[in-house]
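Below are the chains, spelled out letter by letter.
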Amino acid sequence: MNLKNFITFEGGECSGKTTVIHSIKALFDELGIEYISTREPGGIKIAEQIRNIILDINNKEMTSETETLLYAAARMQHLSERVIPALNEGKIVLCDRFLDSSLAYQGYARGIGMDNVLKANSFALEKLPDLTIFIDVTPDVALKRLSGRDKQDRLDLEEMDFHKRVYDGYHKVMEMYPDRVVRIDGNQSLEEVTKDCINKVLEYLKLKV
Ligand code: TMP
């Protein structure tokens, strides 16, 4: 297994992660680089089913503990079924969210605690990402973007305070893993954010275009 191939993308709501991953995929296609692109929660059948339960706006009574465990369950299945096999085949894995989302959203914003999240995810800790791109968008900018989007899920509908805590949570995550997590200024235009992310990934993989 190549120790540099597991790359994750993190950020609060509307950080532009999905667009960035799209552009990196297009570049990898052009360069003939072998990769898979996937997301959390989801990426495979069982995890997509769990995703639907977690994000269903009707599931208002879900406790933060249950939410934490469901994300951990989806993560473990996705890791065993999709991520680890791809890494074993020597492919680069581009993953939209991973454990750091649970640390920021459940550990910090929901108040479950970072240690409890790590405990709940103990099975998944065997494979931490090699590089994490954190797109840092301040909550006011994110919320402005969010109001222009039509489909909102259970987490999108949380109050501004929650999104501010997620933001602080991500900053704690950066302090926890300074060698792995790279910060990109997400308040810039999406073109600039994309350019910065691509440059970081290329630099990390020691690729020249
Ligand atoms: P998405 O909108 O980026 O697809 O992510 C779905 C939502 O799930 C988003 O609000 C972030 C949240 N989330 C967590 O709260 N904890 C996690 O561990 C993950 C992976 C996502």
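This text goes with the structure placed above it.
As the structure is a computational prediction, the values presented were derived from the model and not from experiment.

**Regarding the pattern of salt bridges**
Across all of its chains, the model carries eight salt bridges by this definition. Of the charged contacts, one joins Asp 96 and Lys 17 as a salt bridge, the two residues approaching to 2.7 Å between their closest N and O atoms. In this pair, Asp 96 is assigned in strand S3 (residues 92–96) and Lys 17 in helix H1 (residues 17–31), connecting sequence segments 79 residues apart. Each member of the pair Asp 96 and Lys 17 is classed as buried. Note that Lys 91 and Glu 89 form a salt bridge whose closest N and O atoms lie 2.8 Å from each other. The exposure class assigned to Lys 91 is buried, which follows from its relative accessible area of 19%. The exposure class of Glu 89 is exposed, given its relative accessible area of 53%.

**Side note on the pairing of S3**
Of all five residues making up S3, five are buried, and the element is well covered by its neighbours. Taking every second residue as pointing to the same face, both faces of S3 are buried, with Ile 92, Leu 94 and Asp 96 on one and Val 93 and Cys 95 on the other. Bridging between strand S1 (residues 6–10) and S3 involves four bridges; their strand directions are parallel. The residue of S3 that forms the bridge with Phe 6 is Val 93. Bridging between strand S2 (residues 35–39) and S3 involves five bridges; their strand directions are parallel. Directly across from Ile 36, in S3, lies its bridge partner Val 93.

**Digging into the site of the ligand**
Lining the immediate environment of the ligand, one finds 14 residues, of which Glu 13, Tyr 71, Arg 97, Ser 102 and Gln 106 sit closest. Glu 13 places a side-chain nitrogen or oxygen 2.8 Å from an oxygen atom of the ligand. Within the side chain of Gln 106, a nitrogen or oxygen atom sits 2.8 Å from a nitrogen atom of the ligand. Coverage of the ligand by the protein chains reaches 93% of its 470 Å² of free accessible surface. Here the ligand occupies the largest pocket. Elements represented by at least two residues in the shell around the ligand include exactly helix H2 (45–55), helix H3 (64–88) and helix H4 (99–109). Of all the elements, H4 adds the most residues to the shell around the ligand, at four residues.

**As for the side chain of Asp 130**
Residue placement: Asp 130 occurs in the loop between helix H5 (114–120) and strand S4 (131–136). Side-chain polar atoms of Asp 130 contact the backbone nitrogen of Asn 5, separated by 3.1 Å. Among the polar contacts made by the side chain of Asp 130, one reaches the side chain of Lys 127 at a distance of 3.2 Å.

**Re the layout of surface pockets**
In this structure, the largest pocket occupies an estimated 850 Å³ of space. If you trace the largest pocket, you find 34 residues lining it, with Lys 17, Arg 39, Arg 51, Asp 96 and Arg 97 closest to the centre. Broken down by secondary-structure element, the contributors of at least two residues to the lining of the largest pocket are H1, S2, H2, H3 and H4. If one sorts the elements of the lining of the largest pocket by residue count, H1 sits on top with six residues. Residues that form the lining of the largest pocket fall into these classes: eight nonpolar, 13 polar and 13 charged.

**Here we look at the nonpolar core**
With 37 residues, the main nonpolar core has Phe 6, Leu 79, Val 93, Leu 103, Tyr 105 and Val 166 as its most contacted residues. Where this core is concerned, the elements lending two or more residues are H2, H3, S3, H4, H5 and helix H7 (160–176). Residue contributions to this core peak at eight residues, all from H3. Not counting chain neighbours up to four residues away, the residues in contact with Leu 79 comprise Phe 6, Ile 84, Pro 85, Phe 98, Ala 124 and Lys 127.

**With respect to the state of the cysteines**
Taken as a whole and assessed by the stated rule, the structure comprises zero disulfides. Note on Cys 197: no disulfide assigned, nearest cysteine sulfur contributed by Cys 95 at a separation of 15 Å. A relative accessible area of 0% means that Cys 197 is categorised as buried.

Conventions used here
- Residues numbered from 1 in each chain as written.
- Predicted model: local features only at pLDDT ≥ 70, side-chain atom pairs only at ≥ 80, totals over all residues.
- Heavy atoms only, no water.
- Salt bridge = Lys/Arg side-chain N within 4 Å of Asp/Glu carboxyl O.
- Helix = DSSP H or I, 4+ residues; strand = E, 2+ residues; numbered from the N terminus.
- Buried < 20%, exposed > 50% of the residue type's maximum accessible area, 1.4 Å probe, protein only.
- Pairing = 2+ DSSP bridges.
- Near = heavy atom within 4 Å.
- Polar contact = N/O pair within 3.5 Å; in protein donor to acceptor, adjacent residues only side chain to side chain.
- Areas by Shrake-Rupley, 256 points an atom, 1.4 Å probe, with all protein chains shown as cover.
- 1 Å grid on protein atoms, 1.4 Å probe; cavity = no way out; pocket = protein on both sides within 12 Å on 5 of 7 lines; lining within 4 Å.
- Sits in = over half its atoms within 2 Å of the grid points.
- Points joined across faces, edges and corners; volume = space filled by probe spheres on them.
- Nonpolar A, V, L, I, M, F, W, Y, C, P; charged D, E, K, R; others polar.
- Core = buried A, V, L, I, M, F, W, Y, C linked by side-chain atoms within 4.5 Å.
- Contact = heavy atoms within 4.5 Å.
- Disulfide = S-S within 2.5 Å.

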